[in-house]
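So you can see what is in the structure, the chains are spelled out below.
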Amino acid sequence: MENRSLGRGRVSVPAVGLGTWRRLEAAAAAGRHRELIDTAIAAGIRLVDTSPMYGAAERLLADALDGKRDQVVVADKVWTASPEEGVVQLARAVNWYGGRVDLMQIHNLVAWPAHLPMLEAARAQGRVGLIGATHYSSAAFPELVDLMATGRIDTVQVPYNPLQREVERTILPLAEELGLGVLLMRPLGEGRLVRRQPSPAELAPLHAFGVTTWVQALIKWGLSDLRVHVSLAATAHPDRLLENAAAGSPPWFGPEERAYVLRLAGAH
Ligand SMILES: NC(=O)c1ccc[n+]([C@@H]2O[C@H](COP(=O)([O-])OP(=O)(O)OC[C@H]3O[C@@H](n4cnc5c(N)ncnc54)[C@H](OP(=O)(O)O)[C@@H]3O)[C@@H](O)[C@H]2O)c1
């Protein structure tokens, strides 16, 4: 898998990561959360994204990383309107992940002016590697742009898939200009884009790009915009990880193939 550089070259990470929203708990309910993380590591997936918003996901990830913490870049979040609770969330995460969170993001920009100085202090102490911010809604992108422009964060995490392309207008150009890492959430549209599958004949023109499934076409579509660094597809199924990881290697789609995938996805 191709490695890409996050946070102005400070962290190099394979281009396909793993999201945990609802899926790590689902894996745990089937007794498979350790197997999921082990299989991800074996498939070359080395960044796992989580949050206090995701129920027990942070704790389950810490449990699954027992003895393998150093093999994974942990991307966690602070998600609270309370500055005091933000301190508690960071301390808990630092404790769970062996004294350091590689990337700490401000989830959905909640109370970012309060959390940012706290995270900067933690970064100076080495308890946090990089600082980022996330938002799922284009309505919040002007505020995200304001935060990016402060020069105080290293990464952004935003939705990007054939049916959600608002980031192309301001977020991706600004991230490129500022040298910020970009993590892509919802590459499969929370699974919606996977429900209607193109036929094998429709996928045939993408075989030359190493793409044999529709999921791979969607993941490769996002990563073929080279302003993106990591695609965070989420799954509860270990057997799907190799398929997803395979989309993180070149050759990348050119403009023609990207336009073709848009058409297959029904995007206008
Ligand atoms: N505000 C924020 O910070 C924010 C917001 C949204 C998302 N995120 C992050 O981004 C991650 C990804 O977004 P997402 O989880 O919303 O959506 P997603 O990754 O676009 O889609 C996940 C869905 O795709 C399915 N899937 C994955 N691989 C598959 C495969 N090979 N074949 C068939 N189905 C497959 C999963 O089902 P199965 O489990 O059944 O495979 C799941 O239902 C999240 O988990 C989270 O870490 C952050």
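Anyway, here's the lowdown on the structure attached to this text. (Residues numbered from 1 in each chain as written. Predicted model: local features only at pLDDT ≥ 70, side-chain atom pairs only at ≥ 80, totals over all residues.)

Along its length, the protein carries 12 helices and 10 strands. Scaling as 2.2 N^0.38, a compact globule of 268 residues should have a C-alpha radius of gyration of about 18 Å, and the protein matches this with 18 Å. On the principal axes, the C-alpha backbone points of the protein span a range of 55 × 40 × 30 Å. Across the 268 residues that make up the protein, the buried fraction comes to 47%. A separation of at least 24 residues holds for 78% of the contacts in the protein among residues at least 6 apart in sequence. (Helix = DSSP H or I, 4+ residues; strand = E, 2+ residues; numbered from the N terminus. Rg over C-alpha atoms; globule rule 2.2 N^0.38 Å. Buried ≥ 20, exposed ≤ 12 C-beta atoms within 10 Å, placed from the backbone. Contact = placed C-beta atoms within 7 Å.)

Once that is clear, we can look at unusual backbone geometry. Across the junction of Pro250 and Pro251, the peptide omega takes the value 5 degrees, indicating a cis bond. The phi torsion at Arg186 lies on the positive side, around 55 degrees, for a residue other than glycine. Considering the arrangement of structural elements, one finds Arg186 in the loop between β9 (181-185) and α8 (192-195).

Let us now look at the packing of helix α4 (residues 83-96) against helix α5 (residues 112-125). Where α4 contacts α5, the two axes come as close as 9 Å, and the packing angle between them is 30 degrees. The two elements α4 and α5 cross, and the hand of that crossing is right-handed. Between α4 and α5, the contacting residues are Pro83, Gly86, Val87 and Leu90 on the first element and Ala114, His115, Met118 and Ala122 on the second. Looking at side-chain class alone, the contact of α4 with α5 contains six nonpolar, two polar and no charged residues. (Axes fitted to C-alpha atoms, helices over the stretch in contact; angles between N-to-C directions. Left-handed = near helix turned anticlockwise from the far one by under 90°. Nonpolar A, V, L, I, M, F, W, Y, C, P; charged D, E, K, R; others polar.)

What follows is about the pairing of strand β5 (residues 73-78). In terms of burial, β5 is largely enclosed, as six of its six residues are buried. Here β5 shows a buried face lined by Val73, Ala75 and Lys77 and a second buried face lined by Val74, Asp76 and Val78. Taken together, the three bridges between strand β4 (residues 47-49) and β5 define a ladder with parallel strand orientation. Within β5, the position partnered with Leu47 by the bridge is Val73. Crossover connection from β4 via helix α3 (residues 57-64) to parallel β5: handedness right-handed. Two strands pair when backbone bridges link them, and β5 and strand β6 (residues 101-106) are joined in this way by four bridges, in the parallel orientation. Looking across to β6, one finds that Lys77 is bridged to Gln105. Taking the sense of rotation as the criterion, the β-α-β connection linking β5, α4 and β6 turns out right-handed. (Pairing = 2+ DSSP bridges. Right-handed = clockwise from strand over helix to strand, strands pointing away.)

The next point concerns the pairing of strand β8 (residues 155-159). Of all five residues making up β8, five are buried, and the element is well covered by its neighbours. The alternating pattern of β8 places Thr155, Gln157 and Pro159 and Val156 and Val158 on opposite faces, both of which are buried. With three bridges joining them, strand β7 (residues 128-134) and β8 adopt parallel strand pairing. Its bridge partner being in β8, Thr134 is matched across the sheet by Gln157. As for the winding sense of the linkage, the β-α-β connection from β7 through helix α6 (residues 141-149) to β8 is right-handed.

Hydrogen bonds between backbone atoms are what pair the strands of a sheet, whose relative direction is either parallel or antiparallel. Reading across from one edge, β3-β4-β5-β6-β7-β8-β9-β10 is the order of the eight strands in this open sheet, with parallel pairing throughout. The strands lining the two open edges of the sheet, one partner per strand, are β3 (18-19) and β10 (230-231). α4 contacts β5 and β6 of the sheet and is inclined by roughly 160 degrees relative to β5.

Packing of helix α2 (residues 33-42) against α3 leaves a shortest axis separation of 9 Å and a crossing angle of 65 degrees. Here the hand of the crossing between α2 and α3 comes out right-handed. In contact with His33, Arg34 and Ile37 of α2, α3 contributes Leu60, Leu61 and Ala64. Split by residue class, the contact of α2 with α3 holds four nonpolar, one polar and one charged.

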